[in-house]
Structures are given as structure tokens and as C-alpha cells.
Amino acid sequence: MWGGFNTALEYTNTTEFCLSCHEMKVGEEWRESTHFQNPSGVTAGCPDCHVPKEWTAKVARKIAATSDLYYHILGTIDTPEKFEAKRPEMAERVWARMTASGSRECKNCHAYESMDFHNQSQRAQEKMQPASEKDTPCVECHTGLAHKRPPRDD
Ligand code: HEC
Ligand code: HEC
Ligand code: HEC
Ligand code: HEC
């Protein structure tokens, strides 16, 4: 029984699982993005950005993923039109979460401490060197990384 339960939990943490519901729009846009394919050959899958690695945070997201299931049955995003209508509200929730976490998920791959500021573009260096001193959440400046970015209020 535990084997089955753990296997199910593992599966919910895969890009394949996410795509089983999010192929339309989200999957298509992700495959066009730098985070799918880049010169370094590193792919960031859905759980890399959306499911925090830390155990407690992981469980919290699992619970949220379970309520996704109910929403799916309700069909809140099952056509491109419904998805686009809901996109701004969904994006706001993601931004709020990634701001509150300090963009921890991004920092599993990118670290301010590892940035070679001198090899960055001047604009990047000017903004990110001060940001590194304050440990500013990445999503305060970077959005629309893997999906089309809806307009943001601030
Ligand atoms: C069973 C279908 C299903 C699966 C599997 C699924 N989702 Fe969702 N997801 C949905 C639906 C439906 C919504 C829209 C919820 C609403 O109406 O607000 C949603 C919304 C979202 C949102 C935006 C809203 C929010 O509050 O975060 C994100 C981000 C998201 N899903 C990520 C994921 C990731 C990452 C995975 C894989 C770990 C995943 N989903 C797996 C159906 C699913
Ligand atoms: C699984 C590892 C991984 C995660 C998680 C990740 N990235 Fe990346 N990111 C990469 C790789 C690899 C590249 C491409 C590097 C190259 O150009 O070869 C990249 C490129 C970028 C770029 C430059 C290209 C572009 O699309 O603008 C930005 C900005 C960026 N990431 C920000 C973020 C932010 C913000 C997050 C969190 C929301 C994040 N990344 C999460 C691995 C990751
Ligand atoms: C204060 C705003 C700000 C914050 C916070 C910030 N960045 Fe940036 N970043 C920029 C700007 C501006 C650029 C230049 C490219 C551009 O205009 O998008 C950039 C460029 C990048 C690049 C491309 C570097 C290059 O020279 O090609 C990566 C990768 C990146 N950021 C990742 C991150 C990650 C990861 C975080 C969080 C750990 C982060 N940034 C936080 C403003 C910011
Ligand atoms: C590089 C990090 C990153 C990756 C990889 C990523 N996302 Fe996102 N996702 C974000 C960010 C940041 C947002 C907030 C909106 C924005 O800035 O585009 C977001 C928003 C969303 C939304 C809300 C709707 C929207 O378009 O804003 C859904 C649903 C979602 N992601 C699901 C997924 C799924 C499923 C995958 C895998 C196919 C995935 N994401 C891969 C960073 C990522």
C-alpha cells in the first residue's frame, strides 16, 4: 500500500502529470521557451518552477494540486477561451506565491552568489547586483518565462 501511495505521490511531481491537464496553451508555450531548450541543454520542467523542493512546501502544493482535480471536473480551463479568461487571475496567484517564497524555486537552479555579474549584459548587471544584496525575489523583475505573460498591474 505504501509503495502504491508513494508512487502516486512521485507521479504527481512530474511534468508528464502536469501536461495531462495543461498541454493546451501552457504546454505549447513552455516548449517554445528558453526553459525548455537552450544552449546549456538544461530543461526546467513544470515541477521545477511550480513545486517547491522542500518537503513541507511540497505537501502544501500537493493539496493545491488535489483541488486542481476538482476544478478540472468543473472544467474551468478546458477551452482556450476559458483558459485565457482565467489566465490573469491564475498568473497573479503564481506571482504572489513566488514573491512570498522569495522565488525559492528559481534559486534551486539560479543563485545570486553564482552569478558572474561582469559577464552579464550591462542592464542585467546594473539591476541584479543590487538585487543580490537585498535577495530580491526574481519574479519582481522576471515574468513570462515559460508562458505568455498577461498584463500585470504594478
Ligand atoms: C487534473 C488536471 C490537472 C493536473 C494534473 C494539473 N493541473 Fe494545474 N490546474 C488545473 C486546473 C483546472 C486549473 C485552474 C484552476 C482554477 O480554476 O482556478 C489549474 C491551475 C494551475 C495553476 C494556476 C493557478 C494556481 O493557483 O496556481 C498552476 C500554476 C498549475 N495549475 C500548475 C500545475 C502543475 C505544476 C501541475 C503538475 C505538478 C499541475 N498543475 C497539474 C488542472 C490540473
Ligand atoms: C531547472 C533549472 C531552472 C529553474 C528551476 C529556473 N531556471 Fe531560469 N534558466 C535555466 C536555464 C538552464 C536557462 C538557460 C541558460 C542558457 O541560456 O543556456 C535559464 C534562463 C533564464 C533566464 C534568461 C533567459 C530568459 O528566458 O529570459 C532568466 C531571466 C531566468 N532563467 C530566470 C528564471 C526565473 C525567474 C526562474 C523561477 C521562476 C527560473 N529561471 C527557474 C534553468 C532554470
Ligand atoms: C531588480 C530587477 C531584477 C531582479 C530582482 C532579478 N533580475 Fe535578472 N535581470 C534583470 C535585468 C534588467 C536583466 C537584463 C535582461 C532584461 O532586460 O530582461 C536580467 C537578466 C537576467 C538573466 C540573463 C543574464 C544575461 O546577461 O544574459 C538571467 C539568467 C536572470 N536575469 C536571472 C535572474 C534570477 C534567477 C533572479 C533571481 C535570483 C533575477 N534574475 C533577479 C533584472 C532583475
Ligand atoms: C521557468 C519557470 C517556469 C516553468 C518551467 C513553468 N512555469 Fe508555469 N509559471 C511560471 C511563472 C513565473 C508564472 C506566472 C505568470 C508568468 O509570469 O508567466 C507561471 C504561470 C503558470 C500558470 C498560470 C497561467 C499563466 O499562463 O500565467 C500555469 C497554469 C502554469 N504556470 C503551469 C505550468 C506548467 C503545466 C508547466 C510545465 C509545462 C510550467 N508552468 C512551467 C514559471 C514557470
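By the naming in an unreviewed UniProt entry, the protein goes by Cytochrome c-type protein and is assigned to Aliiruegeria lutimaris. Under Sequence similarities (unreviewed entry), UniProt gives the following word-for-word description of the protein: "Belongs to the NapC/NirT/NrfH family." Of the comments in the UniProt record for the protein, the one headed Subcellular location (unreviewed entry) reads "Cell membrane".

Colleague: Account for the side chain of Ser-103, with residues named and values stated.
Modeller: When you line up the elements, Ser-103 lands in the loop between helix 5 (80-100) and helix 6 (104-107). Using a relative accessible area of 0% as the deciding quantity, one classes Ser-103 as buried. A polar contact of 3.0 Å, which involves the side chain of Ser-103, links it to the backbone nitrogen of Cys-138. With residues near it in sequence (within four places) discarded, Ser-103 still touches Met-98, Pro-137, Cys-138 and Val-139.

Colleague: Provide a residue-level description of the coordination of the iron atom of ligand 4, including the pertinent values.
Modeller: Protein-derived ligands of the iron atom of ligand 4 are His-50 (NE2) and His-147 (NE2), with the metal-ligand distances lying across 2.0 Å. In this structure, the iron atom of ligand 4 is coordinated by 6 donor atoms arranged in octahedral fashion, with angles at the metal of 88 to 180°. Taken together, the residues span a long stretch of sequence, with His-50 in helix 3 (residues 46-50) and His-147 in the segment after helix 7 (122-134) at a distance of 97 residues. A relative accessible area of 26% places His-50 in the partly exposed class.

Colleague: Give me the lowdown on the UniProt feature "binding site: heme 3" (unreviewed entry) in the protein, citing residues and values where you can.
Modeller: The positions UniProt marks with the feature "binding site: heme 3" (unreviewed entry) are Cys-106, Cys-109 and His-110. A relative accessible area of 62% means that Cys-109 is categorised as exposed. Relative to the helices and strands, His-110 resides in the loop between helix 6 and helix 7.

Colleague: Quick one: what's the story with the packing of aromatic side chains, residue by residue and with numbers?
Modeller: Taken as a whole, this structure holds 1 aromatic pair when the rule is applied. For the pair Trp-30 and Phe-36, a centre-to-centre distance of 4.9 Å together with 70° between the ring planes defines the contact as edge-to-face. Given the relative accessible area of 9%, Trp-30 is considered buried.

Colleague: Mind laying out the side chain of Lys-25, listing which residues take part and the relevant values?
Modeller: Topologically, Lys-25 is positioned in helix 2 (residues 15-31). Taking relative accessible area as the criterion, Lys-25 reaches 19% and is therefore assigned buried. Here the side chain of Lys-25 touches Glu-84 through a polar contact of 3.2 Å, side chain to side chain. Residues within four places of Lys-25 in sequence aside, it is in contact with Pro-80, Phe-83, Glu-84 and Arg-87.

Colleague: How would you summarise helix 5 if you had to cite specific residues and measurements?
Modeller: Helix length check: helix 5, at 21 residues, gives a terminal C-alpha distance of 29 Å against a target of 30 Å (1.5 Å per residue), a fit within 8%. Taken as a whole, helix 5 carries its principal kink of about 45° at Arg-87; the proline Pro-88 stands between one and four residues after it. Within helix 5 the residues assigned to the buried category are Phe-83, Arg-87, Met-90, Ala-91, Val-94, Trp-95 and Met-98. Among the structural elements, helix 2, helix 3 and helix 6 are those in contact with the buried residues of helix 5. Positive backbone phi, approximately 70°, marks Gly-102, located one or two places after helix 5.

Colleague: Describe the site of ligand 3, listing the residues and the values that go with them.
Modeller: Around ligand 3, the surrounding shell holds 15 residues, and the nearest of these are Arg-123, Met-128, Cys-138, Cys-141 and His-142. At 3.2 Å, a backbone N or O of Ser-121 approaches an oxygen atom of ligand 3. Between ligand 3 and His-142 there is a distance of 2.8 Å, counted from a nitrogen atom to a side-chain nitrogen or oxygen. The residue makeup of the shell around ligand 3, split by class, is 8 nonpolar, 5 polar and 2 charged.

Definitions and cut-offs
- Residue positions are given per chain, counting from 1 as you read along its sequence in written order.
- Labels are handed out in written order, letters beginning with A for the chains and numbers beginning with 1 for the ligands.
- Selection of residues for local features in this predicted model requires a pLDDT of at least 70, selection of side-chain atom pairs for listing and counting requires 80 or more, and totals for whole chains, interfaces and linings are taken over all residues.
- Side-chain numbers here rest on the full set of heavy atoms in the structure, without hydrogens or water.
- UniProt positions are given in the numbering used here, feature names are shortened, and annotations may be inferred rather than shown by experiment.
- Helix and strand assignments follow DSSP, with helices taken as H or I runs no shorter than four residues and strands as E runs no shorter than two, numbered in order from the N terminus.
- Each residue is assigned to one of three classes by its accessible area relative to the maximum for its type, calculated with a 1.4 Å probe on protein chains only: buried under 20%, partly exposed between the two thresholds, exposed over 50%.
- The definition of a polar contact used here is a pair of N or O atoms within 3.5 Å, where within protein one atom must be able to donate a hydrogen and the other to accept one, and adjacent residues in sequence count solely through side-chain atom pairs.
- Only heavy atoms enter the contact rule, under which two residues are in contact if any of them lie within 4.5 Å.
- Each metal's donors are the N, O and S atoms found within 2.8 Å of it, except that Na, K and Ca use a 3.2 Å limit; water is left out, so coordination can look incomplete.
- Just to be clear on the cut-offs, tetrahedral is four donors with all angles between 85 and 135 degrees, square planar is four donors and octahedral six with opposite donors over 155 degrees apart and all others between 65 and 115, and anything else goes down as irregular.
- Side-chain rings of Phe, Tyr and Trp (the six-membered ring for Trp) are treated as a pair once their centres are within 6.5 Å; stacked means planes under 30 degrees apart, edge-to-face means over 60, and tilted covers the remaining angles.
- What a helix is expected to span follows from its residue count: subtract one and scale by 1.5 Å.
- In this scheme, the bend at a residue equals the angle between the axes fitted to the seven residues that finish there and the seven that begin there.
- Whether a residue is near a molecule or strand depends on its heavy atoms: if one lies within 4 Å, it is near.
- Ten residues, namely Ala, Val, Leu, Ile, Met, Phe, Trp, Tyr, Cys and Pro, are considered nonpolar, four, namely Asp, Glu, Lys and Arg, are considered charged, and the remaining ones, Gly among them, are considered polar.

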